[in-house]
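Listed below are the residues making up each chain.
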Amino acid sequence: MASQSTQLEEETSRLWGEILIAVQGRLGSQQTFETWFKPIQPIRLGPHAVELEVPNSFFVDWIHQHHLPALRAVVAEVLGADREIRLSTRGANVSTQATARRPTVELEPPQSRKSVSPQGDSLLHPRYTFTNFVVGSSNQFTHAACRAVADRPGRAYNPLFIFAGSGLGKTHLLHAIGHAVQGARADARVCYVSAERFTNEMIYAIQHAQTLAFRNKYRNVDLLLIDDVQFLAGKESTQEEFFYTFNALRDAHKQIVVTADKPPKDIPKLEERLISRFNQGLVTDIKQPDLETRLAILRKRCEEEGDGIRLADDVLLLLADRIRNNIRDLEGCLVRLLALGSLMHQDISVVMAEEVLEDYVHPEPDRLAPERILTTVAEAYGVKPDALCGRRRTHSVVQPRQVAMYLLRQFTELSLAEVGAMFGGRDHTTVIYACERVAERLNIDASFSDKLNGLISTLEG
Ligand code: ADP
Ligand code: MG
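Residues numbered from 1 in each chain as written. Chains lettered and ligands numbered in written order. Predicted model: local features only at pLDDT ≥ 70, side-chain atom pairs only at ≥ 80, totals over all residues. Heavy atoms only, no water.

Focus on the packing of helix H15 (residues 370-381) against helix H20 (residues 446-460)
Rules: Axis lines are fitted through C-alpha atoms, for helices just across the contact stretch, and the angle between N-to-C directions can take any value from 0 to 180 degrees. Going along the chain from the N terminus, every DSSP run of H or I of four or more residues is numbered as a helix, and every run of E of two or more is numbered as a strand. Should an angle fall under 35 degrees it is called roughly parallel, over 145 degrees roughly antiparallel, and 65 to 115 degrees roughly perpendicular, with every other angle called oblique. Less than a right angle of anticlockwise turn of the near helix away from the far helix marks a crossing as left-handed, whereas a clockwise turn marks it as right-handed. We call two residues contacting when some pair of their heavy atoms lies within 4.5 Å. Following the grouping adopted for this structure description, the nonpolar residues are Ala, Val, Leu, Ile, Met, Phe, Trp, Tyr, Cys and Pro, the charged ones are Asp, Glu, Lys and Arg, and the polar ones are all others, Gly among them.
The contact between H15 and H20 brings their axes to 10 Å, and the two run at 135°. On the basis of their axis angle, the class for H15 and H20 is oblique. Between H15 and H20 the crossing geometry is right-handed. When H15 is examined against H20, the residues Arg372, Ile373, Thr376, Val377, Ala380 and Tyr381 are found in contact with a partner set consisting of Phe448, Lys451, Leu455, Thr458 and Leu459. Residue classes in the contact of H15 with H20 are distributed as seven nonpolar, two polar and two charged.

Topic: the packing of aromatic side chains
Inclusion rule: Only Phe, Tyr and Trp rings take part, Trp by its six-membered ring, and two of them pair if their centres are within 6.5 Å. Stacked means planes under 30 degrees apart, edge-to-face means over 60, and tilted covers everything else. Buried means the residue's accessible area, taken with a 1.4 Å probe over protein chains only, is under 20% of the maximum for its type, while exposed means over 50%, and partly exposed covers the values in between. In this scheme, the term charge over a ring applies when either NZ of a lysine or CZ of an arginine sits within 6 Å of the ring centre and within 35 degrees of the ring normal.
Here the structure, examined in full by the defined rule, presents 10 aromatic pairs. With a centroid separation of 6.3 Å and an interplanar angle of 10°, the aromatic rings of phenylalanine 33 and phenylalanine 37 are classed as stacked. Taken together, the residues phenylalanine 33 and phenylalanine 37, both in helix H2 (residues 30-37) and four residues apart, mark about one turn of the helix. For phenylalanine 37, a relative accessible area of 1% corresponds to the buried category. Joined through ring pairs, the aromatic side chains of Phe161, Phe198, Phe214, Tyr218, Phe242, Phe246 and Phe278 make up one cluster. Note that arginine 147 overlies the ring of phenylalanine 130, its terminal NZ or CZ placed 4.3 Å from the centroid. Taking NZ or CZ as reference, lysine 235 lies 4.0 Å from the ring centre of phenylalanine 231, over its face.

Concerning the side chain of threonine 376
As for its position among the elements, threonine 376 is in helix H15. Residues in contact with threonine 376, not counting those within four places in the same chain, are Leu455, Thr458 and Leu459.

Observations concerning the site of ligand 1
Counted only if it meets this: Nearness here has a simple test: a residue counts as near a molecule or strand if at least one of its heavy atoms is within 4 Å of that partner. Using a 1.4 Å probe, the Shrake-Rupley method yields the accessible areas, and only the shown protein chains count as cover for residues.
Taken together, 18 residues lie near ligand 1, and Gly167, Thr171, His172, Arg328 and Glu331 sit nearest. Starting from 560 Å² of accessible surface for ligand 1 in isolation, the protein chains cover 95%. Counting only elements with at least two residues in the shell around ligand 1, the list comes to helix H5 (170-184) and helix H12 (327-344). Residues that form the shell around ligand 1 fall into these classes: six nonpolar, eight polar and four charged.

A word on the sheet that holds strand S8 (residues 255-260)
Applicable threshold: Two strands are counted as paired when DSSP detects at least two bridges linking them.
One open sheet accounts for five strands, arranged S6-S7-S8-S5-S9; its pairing is parallel. Looking at strand neighbours, the two that pair on one side only are strand S6 (190-194) and strand S9 (282-285), the edges of this open sheet. Averaged over all adjacent pairs, the angle separating strand axes in this sheet is 15°, with direction ignored. Bridging between strand S7 (residues 223-227) and S8 involves four bridges; their strand directions are parallel. Residue pairing for S8: leucine 224 is matched across the bridge by isoleucine 256. Contacts from helix H8 (residues 236-251) reach S7 and S8 within the one sheet, and its direction differs from that of S7 by about 150°.

Overview of the pattern of salt bridges
As a reminder of what qualifies: Any Lys or Arg side-chain nitrogen found within 4 Å of a carboxyl oxygen on Asp or Glu counts as a salt bridge.
All chains considered together, the criterion is met by 29 salt bridges. Ionic pairing is found between arginine 197 and glutamate 77, a salt bridge with its closest N-O pair at 2.6 Å. Pair noted here: arginine 197 is in helix H6 (residues 195-207) and glutamate 77 is in helix H3 (residues 57-79), with a separation of 120 residues, a long-range link. Since its relative accessible area comes to 10%, arginine 197 is described here as buried. For glutamate 77, a relative accessible area of 8% gives the class buried. One continuous salt-bridge network, built from bridges that share partners, spans Arg26, Glu77, Arg197, Glu201 and Lys217.

Focus on empty space enclosed by the protein
Quick reminder of the rule: The way it works is a 1 Å grid over only the protein atoms, where trapped points that fit a 1.4 Å probe form a cavity and open points with protein on both sides within 12 Å along at least five of seven lines form a pocket, and then any residue with an atom within 4 Å of a point lines it. Grid points are joined across faces, edges and corners, and a volume is the space filled by probe spheres set on the points.
Counted under the stated rule, the structure contains one cavity of 30 Å³ or more. Along the walls of the largest cavity sit Ser138, Asn139, Leu168, Ile286, Lys287, Pro289, Thr293, Ile297 and Ile327, which together make up its complete lining. Per-class residue counts for the lining of the largest cavity are five nonpolar, three polar and one charged.

Structure, rendered in structure tokens:
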């Protein structure tokens, strides 16, 4: 019947909309979402399989290789049970005939159903457990607080607010609390959500008149783990909704754990009442890990993923020494080295490690060394570096010389006098004059400003 099939279509697109929102919340990058997920057409969300149509076979491969587990997890979350994902490509002639068979690619054999929690939201990363978390002086206090909360949810500290820079283990700890609480009480309703996804879901709920369902979902959990609340900055209505959710949970003695990249008071455009709620619990931070902790993390990951490949101690030490303030980068580099080792069937040498490291650490001083600025400018203007630095005032060197002085002041720590000295002992007033000319010209001459921007991107590249 026509109306039935329209209903089905509507339901499919509504559910697919929810899946997309969840995918978006999960992916780090909006670009990835736009490129790979936006073009997907849902064909059928059946009881056993989800059938999707993508533009071409490249999509099939790419999604298969990069996004299948995430997509599958989200589908399980939204639909309440694991489903097989079937991707097919759009036929050359877009036929709507029911009999036209689409080429279907089976990506994975049907698997045993994975159980999801009652509200279907508690998808915790299997690796982010307390067991896999390395404790060192940089995180031991926060780790202890997390354990206390996991042991006595709603009683120890409520809320627990964890702040730290990127890649220092906030999300890992949130999931670890979730695992521990779930492990102790299988029926505990654990909800992990990023503040971004919370926001997206709320917007979706408002647009689709589902605010009640939204509220019920978040106000009926035993443990709410909300990640990256700095995302709520400036989003007034989400903050308001979150505030009420927060109060409802706290009044019911349900545990709330929050993370952010800064302490509550430093999050811009965060309502005072939320700041004060956060401060009522325990606010704790994770610091930059010290060398021992970084080494211990590397060793642990090697055991987990090494797959028989060994990295020599001097290689591990090199990584730990060079990547200091982001464990995600540290691990990323390690995983690449391990992959390289297994591809080449050989042990990784320090030299190979140095090469891989180049993608992760950018030694600022080298890239923007004064000599490099001089040679780059000279090359761009087709003059010799000697002429650039000399005392002659030939017309062809005047502008590049001013540009070089300007860039030296922008990108190095050199003083006016030091910059002057590089140009045949000119004094600081000449350098000031040069910088002013360049700044003036930038405002009025578009092709000049293009040229300068080109130079800057070459230097920063
Ligand atoms: P954040 O959420 O603070 O940006 P994550 O929790 O995503 O950081 O951590 C980044 C990566 O580093 C994850 O793979 C995580 O498992 C790992 N990691 C961070 N801290 C530790 C630690 N102390 N022990 C083991 N792994 C860690
Ligand atoms: Mg995180």
